[in-house]
Amino acid sequence: MHKIFFLSAALTLAATAHAYTIIDGTLRQSKIYPETVHTYKISLPEGYSGGETCLYVGLDGILCDAPARIDSLIAAGDIPQMAGIYLQPGIIYGDDSKTVLRYNRSNEFDATDARFARFLEEELIPAAVATARKAGHELKIKEGGENAMIFGLSSGGIAAFTAAWHRPQLFSRVFSGCGTFVPMRSGNDLQAIVRKAEPKQLRIFLQDGYSDTWNPLFGSWFEANQLMGSALEFAGYDYNFDWADGGHSVKRSSEIFCDVMKWLWRGYPAPLEKRSTGNETVARMLDGAGEWVKYPYEPYEPNSNAAVYPDGSLRAMPDRGDQLSQELLRPDGMPYAAQRFYWLHSYDNNGLQKGGMTFDGDGYLWVITDAGIQVCDQNGRVRAIFDLPFDASKIAGNSNGRRRAPRASTRMEVNDGEIVVYTPDAIYRRKMNVRAAVPGVRPASEGQG
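Description of the structure in this document.

The rules behind each value
- Residues numbered from 1 in each chain as written.
- Predicted model: local features only at pLDDT ≥ 70, side-chain atom pairs only at ≥ 80, totals over all residues.
- Heavy atoms only, no water.
- Salt bridge = Lys/Arg side-chain N within 4 Å of Asp/Glu carboxyl O.
- Pairing = 2+ DSSP bridges.
- Helix = DSSP H or I, 4+ residues; strand = E, 2+ residues; numbered from the N terminus.
- Axes fitted to C-alpha atoms, helices over the stretch in contact; angles between N-to-C directions.
- Phe/Tyr/Trp six-rings, centres within 6.5 Å; stacked < 30°, edge-to-face > 60°.
- Buried < 20%, exposed > 50% of the residue type's maximum accessible area, 1.4 Å probe, protein only.
- Expected span 1.5 Å × (residues − 1).
- Core = buried A, V, L, I, M, F, W, Y, C linked by side-chain atoms within 4.5 Å.
- Contact = heavy atoms within 4.5 Å.

**Let's talk about the pattern of salt bridges**
At step 1: Evaluation of the coordinates by the stated rule reveals 26 salt bridges.
At step 2: In this structure, Asp319 and Arg320 form a salt bridge, with 3.8 Å as the shortest nitrogen-oxygen distance.
At step 3: One network of salt bridges, in which partners are shared, links Arg203, Asp238, Arg266, Glu273 and Arg275.

Put into structure tokens, the structure is as follows:
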């Protein structure tokens, strides 16, 4: 049971004068956000001599006096040595390099897809390493998400969460202050995805104030953060929070910054604890499960457009947007009673890409999508989401609002005790607590649900 994280004056360190180094940088050639200009700062802790170091990424530049406080915490032995990268969101300027044509902050920070995580991984961090080198400092960042954290406030708060969500191998520790988990760019959908997804190796701290409703048009920030917190606790995350007096401000995050840092980094370098989810479907399927194992490519027959129920009584097929249709089949194979029936999840309101699909022995429909492998119950609702073992770009485009979409280039199989995914590059197998469909046998009904 998590308790409200109160600031402890006895535990909080005051920032003291330390000789950390600040380096300025600019990224002008983003391929992910074309024509944007991103400025950033790099902080190197006192005494850093170029060895491998942990990483702190701060959004919206330097907040909470982070470089000084990080130096104090390092000196006290409360956190490991770490460098900082402090990013300002992108801006597009006119030909005069002064007139602002577009502020890209909401597009980068509030979006829930993986673009921002890719930007950090593929563009910002390598650029910062190069900038530090030009300034005479060999910045060596330890690999692995357990060695890095990310902090953001407001739109930066949700950006910190989604970056770690999509790249837990890059960031495993998250501090989100006043996060915008509200309907700006599908942020309100994240708490539902957290409840249904296989848990990731993340440690997360949320902060918000009781009176935080920055813009009532989009709802209550505080209520949205509470919903996210409830979802994280349900899904078994190493999660803590601070709900306190105050509104939409960095003030409280700054007050508790040192305590949160110690909580996020406690036990380092021990691996983060694996915990059990409260999602019974996910927990059952993961009972005794292994990791994905990659095998060399072998020729295979991709799944057709449709998946037929084990007893041949119905068929699932692609439909518009994030849905699949279902039609019943007469004994002679003629379809009737077609309806949009299966409702899938997507990130950032994107057109969901759908690949191979199949039914298991419980009558659950397994669908490869670019938002993960989604598992729908007999009544068409997603109950589980598992991470893809490959890049989502390999999924054929089976959306575009067309009822009869192109054949998938991937294949999904559920066998007794394992799931198998076939792609044009490799085959992936994973041991899971599942059972194959038996042809001609109708699974036991779940009723109306």
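Back to the text.
**Let's talk about the sheet that holds strand E19 (residues 372-376)**
At step 1: Read from one edge to the other, the open sheet built from four strands follows the order E17-E18-E19-E20, with strand pairing classed as antiparallel. The open sheet has two free edges, formed respectively by strand E17 (354-359) and strand E20 (382-386), since each of these has just one partner strand. On average, each strand axis in the sheet is tilted by 20 degrees relative to the strand beside it, whichever way the strands run.

**Here's the deal with the sheet that holds strand E21 (residues 411-415)**
At step 1: Across the sheet, four strands lie side by side as E12-E23-E22-E21; this open sheet has antiparallel pairing. Bordering the open sheet on either side are strand E12 (293-296) and E21, each of which pairs with just one other strand. Strand-to-strand twist of the sheet, defined as the mean angle between neighbouring strand axes without regard to direction, takes the value 20 degrees.
At step 2: Note that strand E22 (residues 418-422) and strand E23 (residues 426-431) share five bridges and pair antiparallel. Bridge pairing links Ile419 to Arg430 in E23.

**Quick word on the packing of aromatic side chains**
At step 1: Following the criterion strictly, the structure yields 24 aromatic pairs and no others.
At step 2: Centroid distance Phe175 to Phe205: 5.7 Å. Interplanar angle 90 degrees. Geometry classified as edge-to-face. Here the residue Phe175 occupies a position in strand E9 (residues 173-177), and Phe205 occupies one in strand E10 (residues 203-209), the gap between them amounting to 30 residues.
At step 3: A relative accessible area of 0% places Phe175 in the buried class.

**Examining helix H4 (residues 155-166)**
Each α-helix winds once per 3.6 residues, and so residues spaced three or four apart point in a common direction.
At step 1: Over its 12 residues, H4 runs 16 Å from end to end, which matches the ideal 16 Å to within 8%, given 1.5 Å per residue.
At step 2: Within H4, 12 of the 12 residues are buried, which leaves it mostly tucked inside the rest of the structure.
At step 3: Every buried residue of H4 is accounted for by Ser155, Gly156, Gly157, Ile158, Ala159, Ala160, Phe161, Thr162, Ala163, Ala164, Trp165 and His166.

**Observations regarding the pairing of strand E15 (residues 323-329)**
At step 1: Summarising burial for E15: five of the seven residues are buried, a large majority.
At step 2: By the bridge criterion, five bridges tie strand E14 (residues 314-318) to E15 in an arrangement that is antiparallel. Paired with Ala316 across the bridge in E15 is Gln326.
At step 3: Taken together, E14 and the strand that follows it, E15, pair antiparallel across an intervening segment of four residues, in which Gly321 is found at a positive phi of about 55 degrees.

**Digging into the pairing of E21**
At step 1: Taken together, the five bridges between E21 and E22 define a ladder with antiparallel strand orientation. Paired with Met412 across the strands is Val421, a residue of E22.
At step 2: Connecting E21 to the antiparallel partner E22 that follows it, the hairpin turn spans two residues, and Gly417 within it adopts a positive phi of roughly 85 degrees.

**What to know about the nonpolar core**
Considering soluble globular proteins, one finds that nonpolar side chains tend to be buried as a cluster.
At step 1: Formed by 75 residues in total, the largest nonpolar core has its most connected members in Phe116, Phe171 and Leu365.
At step 2: Phe171 has contacts with Leu55, Val57, Leu120, Ile125, Gly145, Ala148, Met149, Ile150, Ala163, Ala164 and Leu202, leaving out every residue within four places of it along the chain.
At step 3: Ranked by size, the runner-up nonpolar core spans 24 residues in total, among them Met149, Cys178, Leu264 and Tyr268.

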